[in-house]
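# Descriptive analysis of the structure
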Amino acid sequence: MRTSATEESPDLHGSATPEEDEGYSPDTEDGKKQGVAASVGLHFHVHTIEEIVNASDDPPPAIIDGVLCEIGIMTVSGRAKSWKSWDAIQPCLSMPLGQLWHRREVKKVPTVYVNLELPEASLLYRVKKIAAAMGLKDLRELKGWFTPITIDCSSLMVAQMKLAVGIGADGMYTHLLMQQIAQAIEDSKMHNPKFICLDSFYKLVGGLNENAAEDVTCIYGHRMYTSADPRYRTER
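Model, not experiment: these values are computed from the prediction.

So, how was this worked out
- Just so you know, the residues in each chain are numbered from 1, in the order the chain's sequence is written.
- For a predicted model such as this one, the threshold for reporting local features is a pLDDT of at least 70, and the threshold for listing and counting side-chain atom pairs is 80 or more; totals across whole chains, interfaces and linings nevertheless cover every residue.
- Derived side-chain values reflect all non-hydrogen atoms in the structure, with water molecules and hydrogen atoms excluded from consideration.
- Pairing between two strands requires that DSSP report at least two bridges joining them.
- Only DSSP runs of H or I reaching four residues or more are called helices, and only runs of E reaching two or more are called strands; each is numbered from the N terminus.
- A crossover counts as right-handed when, viewed with the strands pointing away from the observer, the path leading from the first strand over the helix to the second turns clockwise.
- Axis lines are fitted to C-alpha atoms, over the contacting stretch for helices. Their N-to-C directions set the angle, which ranges from 0 to 180 degrees.
- Residue contacts follow a heavy-atom distance rule, with two residues in contact if any of their heavy atoms lie within 4.5 Å.
- Residues enter a nonpolar core if they are buried and are Ala, Val, Leu, Ile, Met, Phe, Trp, Tyr or Cys, with the set joined through side-chain atoms within 4.5 Å.
- Residue burial is assigned from relative accessible area. The probe radius is 1.4 Å, only protein chains are included, and a residue is buried under 20% of its type maximum, exposed over 50%, and partly exposed in between.
- Basic side-chain nitrogens of Lys or Arg form a salt bridge, by our definition, when they fall within 4 Å of a carboxyl oxygen of Asp or Glu.
- Here the aromatic set is Phe, Tyr and Trp, taking the six-membered ring for Trp, and pairing holds for ring centres within 6.5 Å; pairs whose planes are under 30 degrees apart are stacked, those over 60 apart are edge-to-face, and all others are tilted.
- Whether a charge sits over a ring depends on NZ of Lys or CZ of Arg being within 6 Å of the ring centre and within 35 degrees of the ring normal.
- Here, patches come from residues exposed beyond 30% relative accessible area and free of salt bridges, joined within 9 Å for like charges and within 5 Å for nonpolar side chains (Val, Leu, Ile, Met, Phe, Trp, Tyr).
- Every accessible area reported is derived by Shrake-Rupley at a probe size of 1.4 Å, with residue values counting cover from the shown protein chains alone.
- Should an angle lie under 35 degrees it is considered roughly parallel, over 145 roughly antiparallel, and from 65 to 115 roughly perpendicular; all remaining angles are considered oblique.
- Handedness of a crossing follows from how the near helix is turned relative to the far one, being left-handed for an anticlockwise turn of less than a right angle and right-handed for a clockwise one.
- As a working rule, the residues Ala, Val, Leu, Ile, Met, Phe, Trp, Tyr, Cys and Pro are called nonpolar, Asp, Glu, Lys and Arg charged, and the rest polar, with Gly in that last group.
- Confidence of the predictor in every single residue is expressed as pLDDT, which spans 0 to 100.

### Concerning the pairing of strand β4 (residues 146-150)
Pairing of strand β3 (residues 111-115) with β4, which is carried by 5 bridges, proceeds in the parallel orientation. Counterpart to Thr111 in the pairing with β4 is Phe146. Taken together, β3, helix α4 (residues 120-133) and β4 form a β-α-β motif whose crossover is right-handed.

Laid out in structure tokens, this is it:
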């Protein structure tokens, strides 16, 4: 769709359909793209200066003070065997308990820890050790506030390879994995989790390259797509 803006009559939104657009042809490559674009509708918001003036002077609500805001993304990185997974589990326990994480205030919210790497026994052991170090005597206090989930990435990879035969596999594994995570959260009956930890990142990539910017962008795209899934915000 092509629109023009003149000094006399600026058109910021563009109301013409692809069929009404001059030079449109559904058989051309541009025509196909315009048809697809029109079919998905509009998913943008043009902000006005008045809207900015009336906006709150306060920063967005924080999950972790000074580090992570609501609907934000945080990455914990470090060398191999540098206790990253231990450190990633801790905020999942700190938030339900309202305890500090790295000396920072956290918001008391329900959390989900998605284990993509550790054997189940290792995950449970680490959760118990961290909880004990935090002074939690009865893990039942976390019921309804903290849910650990283990995804069997190896079997999922095999299933993905069977599906990918003849149709290409770019990003398919990541897409299927994010669907599995959404379904697991729904099945857990977790009440509206506000903090979801995916550990570890390399397990999200499948056949992609975690060191390639375009593939990492693809991964984050799948994460954003799936986070819009209502199963991530199960109200029960």
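### Considering the sheet that holds β3
Spatially, 3 strands are ordered β4-β3-β5 in an open sheet, and the strand pairing comes out parallel. Of all strands in the sheet, those bounded by a partner on one side alone are β4 and β5 (195-199). Adjacent strand axes in the sheet meet at a mean angle of 15°, parallel and antiparallel pairs treated alike. Helix α3 (residues 84-97) rests against β3, β4 and β5 of the sheet, and its axis sits at about 160° to β3.

### Notes on the nonpolar core
Within the largest apolar cluster, 22 residues are counted, with the highest numbers of intra-cluster contacts made by Leu93, Tyr113 and Phe195. For this core, the secondary structure elements donating two or more residues are β1 (62-64), α3, α4 and β5. Looking at this core, the element that brings in the most residues is α3, giving 5 residues. Setting aside chain neighbours within four positions, we find Leu93 in contact with Val127, Ile130, Ala131, Met134, Leu142 and Phe146. With 16 residues, the next largest nonpolar core counts Ile149, Leu176, Met190 and Leu204 among its residues.

### Points about the pattern of salt bridges
For the coordinates displayed, the defined rule picks out 2 salt bridges. Between Glu70 and Lys107 there is a salt bridge, with its nearest N and O atoms 2.5 Å apart. Linking Glu70 in the loop between β2 (68-69) and α3 with Lys107 in the loop between α3 and β3, this pair joins segments that are 37 residues apart in sequence. Across the salt bridge formed by Arg140 and Asp138, the nearest N and O atoms sit 3.3 Å from each other.

### Observations concerning the packing of aromatic side chains
Tallied over the entire structure, the rule returns 1 aromatic pair. Across from the ring centre of Trp145, 4.5 Å away, lies the NZ or CZ of Lys108, which sits over that ring.

### Observations concerning the environment of Leu97
Structurally, Leu97 is set in helix α3. Assessed through its relative accessible area of 26%, Leu97 is described here as partly exposed. Separated by 39 residues in sequence, Leu97 and Leu136 have C-alpha atoms that sit 8.7 Å apart.

### Quick word on a nonpolar patch on the surface
A cluster of nonpolar side chains, Leu42, Phe44 and Val46, forms an exposed patch at the surface whose accessible area comes to about 320 Å². Tracing the backbone shows Phe44 in the loop between α1 (29-39) and α2 (49-54).

### Looking at the packing of α3 against α4
Relative to each other, α3 and α4 sit at 60°, their axes nearing to 10 Å. Here α3 is positioned oblique relative to α4, judged by the angle of their axes. In this structure, α3 meets α4 at a crossing whose hand is right-handed. Seen from α3, the contacting residues are Ser85, Trp86, Ile89, Gln90 and Leu93; seen from α4, they are Leu123, Tyr125, Arg126, Val127, Lys129, Ile130 and Ala131. For the contact of α3 with α4, a count of residues per class yields 8 nonpolar, 2 polar and 2 charged.

### Notes on the environment of Ile89
Examined against the element boundaries, Ile89 turns out to sit in helix α3. The spacing of Ile89 and Leu123 is 34 residues in sequence and 9.2 Å in space, taken between C-alpha atoms.

### Considering the confidence of the model for the chain
Per-residue confidence for the chain averages 77 on the pLDDT scale, and 66% of its residues sit at or above 70. Within the chain, the lowest mean pLDDT, 59, falls on α1, and the highest, 96, falls on α2. Long-range and interchain partners of residues 1-16, a stretch whose pLDDT sits below 50, account for 14 contacts in this model, where long-range means more than four residues apart.

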